[in-house]
Amino acid sequence: MKTKIKGFGTLAIHAGNLENETFGALATPIYQSSTFYFDSCETGGRRFAGEENGFIYTRLGNPTTSVLERKVAALENADDAVAFGSGMGAITACLWSIAALGKHIVADEALYGCTFAFLNHGITRYGVSVTFVDTSDLQAVRQALRPNTCCLYIETPANPNLKIEDIEELSKLVHSYNKDIMFVVDNTFATPCLTRPLDLGADVVVHSATKYLNGHGDVIAGFVCGRQDFINEVRMFGLKDMTGAVLDPFAAFLILRGLKTLELRVQRHCENAMQIAEFLDGHRKVAKVYFPGLKSHPGHEIAAKQMHGGFGGIISFEVRGGKEAGMRFVNELKLITIAVSLGDAETLIEHPASMTHSTYSPEELNAAGISEGLVRLSVGLENAVDIIDDLDQALRRV
Ligand SMILES: Cc1ncc(COP(=O)(O)O)c(C=O)c1O
């Protein structure tokens, strides 16, 4: 970078860009090549040995993807980042790189359904044990830690019930117990626009970049961000050998384009969500609203401390009358689309218990505080008044 840049929006546009691009292209070119040639056998050998910089094969690195990785690392204030072909690719590669036979993981009870399934039924097949606790309860976390604990894993705000955990306090707690425990935060919901977990003491940030980072509903992607030595391990073991969940260079190009407007989009998502949460909170047909921006949310004070500039764009709520009324309400919506995923321009709604969190048993849902009637709204970039009108007309029909 030629000049010192501080602003988030400026970083999202300029950080990590190629400085001497062959033809002076303003947009980062798509290097749609699986492999890269060497001028001699010796050069190839030196690159494989790590003695010479240069690309080898797109699963190990690609010029387009590298720009994106440098940019996301800058946004998260990480040494480095590694891109993946999905959020689950990032999460599994991260956890494969941390855990080993006989190790133990402590994780929050409320997690994206497939992350929960990986921790609950996946990695446990390979001799890793997992304890699920309410990580907003520091005492419960302290009690769950063991001498073989290698990782604490949370999402904040959590999917789907927007539970808030105190990143700073959790970091102090686990690192005073054992400084080698890797504290991993899934920052998909907050984005680095609102929260930078590494600045608050976390060791690793993971993302589903399918969501806000790309923001246009046309890519599946993920990231792991952290210290250089760990990112090297995630790239050269987690990605290269374990998952192979590599990001396609065209998808990297689309995310680079999406990131240019991340700050603007997140501001609008937050403003819309605040208005909509207040509308839902005051509606007689709504039994409960989960949104960290509301003063009534149990995590509001912590969210106000660790989220800067807004409380995110996701709201969950329960319609009076339980699951059946909730389903009827969703089916009556006209502008709002029934779909999983989140963080897109379009407002999306889904029913976690039967969709994104159907990997949980009814008992596990109950323990995690995810009610059967909960609906999750990803507030889009439309005008808030139109989203509210649609919610209102559907609520009136229930
Ligand atoms: C919080 C969170 N983390 C991770 C994932 C997984 O990401 P992907 O669908 O990109 O694999 C999701 C997907 O919804 C998510 O919501």
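Residues numbered from 1 in each chain as written. Predicted model: local features only at pLDDT ≥ 70, side-chain atom pairs only at ≥ 80, totals over all residues. Heavy atoms only, no water.

A few words on the nonpolar core. Ranked by size, the top nonpolar core spans 123 residues in total, and within it Val224, Phe317 and Phe329 carry the most contacts. Of the domains in this structure, domain 1 (8–259) and domain 2 (262–396) are the two that each give at least three residues to this core. Non-local contacts of Val224, meaning those with residues more than four positions away in its chain, are made with Asp80, Ala81, Val82, Phe84, Ala90, Cys94, Val204, Val205, Val206, Phe230, Ile231 and Val234. (Core = buried A, V, L, I, M, F, W, Y, C linked by side-chain atoms within 4.5 Å. Buried < 20%, exposed > 50% of the residue type's maximum accessible area, 1.4 Å probe, protein only. Domains from an automatic or database assignment. Contact = heavy atoms within 4.5 Å.)

Before going further, it helps to examine the domain arrangement of the protein chain. Each domain of the protein chain was delimited in the assignment, giving domain 1 (8–259) and domain 2 (262–396). A C-alpha centroid distance of 26 Å is found between domain 1 and domain 2. Each partner contributes residues to the interface: domain 1 has 41 residues there, and domain 2 has 41 residues. Together, Ile164, Leu194 and Tyr212 form the three largest contributors to the area buried by domain 1 at its contact with domain 2, with a combined 24%. For the pair domain 1 and domain 2, the number of links is 1 salt bridge. (Buried area = accessible area lost by both parts, 1.4 Å probe. Salt bridge = Lys/Arg side-chain N within 4 Å of Asp/Glu carboxyl O.)

Interhelical geometry of helix α11 (residues 262–281) versus helix α15 (residues 384–396) gives an angle of 25 degrees and a closest axis separation of 10 Å. Relative to α15, the element α11 is oriented roughly parallel. As α11 packs across α15, the resulting crossing turns out to be right-handed. Along its contact with α11, which presents Asn272, Gln275, Ile276, Phe279 and Leu280, the element α15 presents Ala384, Ile387, Ile388, Leu391, Asp392 and Leu395. Of the residues belonging to the contact of α11 with α15, the class tally is 8 nonpolar, 2 polar and 1 charged. (Axes fitted to C-alpha atoms, helices over the stretch in contact; angles between N-to-C directions. Helix = DSSP H or I, 4+ residues; strand = E, 2+ residues; numbered from the N terminus. Parallel < 35°, antiparallel > 145°, perpendicular 65-115°, else oblique. Left-handed = near helix turned anticlockwise from the far one by under 90°. Nonpolar A, V, L, I, M, F, W, Y, C, P; charged D, E, K, R; others polar.)

What follows is about the packing of aromatic side chains. As enumerated under the stated definition, the model contains 7 aromatic pairs in all. On the numbers, 4.9 Å between centres and 50 degrees between planes, the contact of Phe116 with Phe132 is tilted. Taken together, the residues Phe116 in helix α5 (residues 113–122) and Phe132 in strand β3 (residues 129–133) connect sequence positions 16 residues apart. On the basis of relative accessible area, Phe116 is assigned to the buried category, the value being 3%. Considering the side-chain rings of Phe116 and Tyr360, the 3.7 Å spacing of their centres and the 10 degrees angle between planes classify their relative orientation as stacked. In this pair, Phe116 sits in helix α5 while Tyr360 sits in the loop between β11 (348–350) and α14 (362–367), placing the two residues 244 residues apart along the sequence. In this structure an aromatic cluster arises from ring pairing among Trp96, Phe118 and Tyr126. (Phe/Tyr/Trp six-rings, centres within 6.5 Å; stacked < 30°, edge-to-face > 60°.)

One open sheet holds the 5 strands; their spatial order is β8-β9-β12-β11-β10, and the pairing between them is mixed. The open sheet has two free edges, formed respectively by β8 (286–290) and β10 (337–338), since each of these has just one partner strand. Bridging between β8 and strand β9 (residues 314–319) involves 4 bridges; their strand directions are antiparallel. Paired with Tyr290 across the two strands is Ser316, which belongs to β9. Set on the sheet, helix α13 (residues 322–332) makes contact with β9, β10, β11 and β12 (374–378); between it and β9 the angle comes to about 120 degrees. (Pairing = 2+ DSSP bridges.)

Lining the immediate surroundings of the ligand are 13 residues, of which Gly87, Met88, Asp186, Thr210 and Lys211 lie closest. Measuring from an oxygen atom of the ligand, one finds a backbone N or O atom of Met88 at 2.8 Å. Between an oxygen atom of the ligand and a side-chain N or O atom of Asn159, the distance comes to 2.9 Å. Isolated, the ligand exposes 390 Å² of accessible area, and the fraction of that covered by the protein chains is 92%. In terms of residue count, the dominant contributor to the shell around the ligand is helix α4 (residues 87–98) (3 residues). Its residues placed into classes, the shell around the ligand shows 4 nonpolar, 6 polar and 3 charged. (Near = heavy atom within 4 Å. Polar contact = N/O pair within 3.5 Å; in protein donor to acceptor, adjacent residues only side chain to side chain. Areas by Shrake-Rupley, 256 points an atom, 1.4 Å probe, with all protein chains shown as cover.)

It is at 10 Å that the axes of α4 and α5 come closest, and there the two elements cross at 30 degrees. Our classification of the angle between α4 and α5 gives roughly parallel. Viewed along their axes, α4 and α5 form a crossing whose handedness is right-handed. Taken together, the residues of α5 that come into contact with α4 (itself represented by Met88, Ile91, Thr92, Leu95 and Trp96) are Cys114, Thr115, Phe118 and Leu119.

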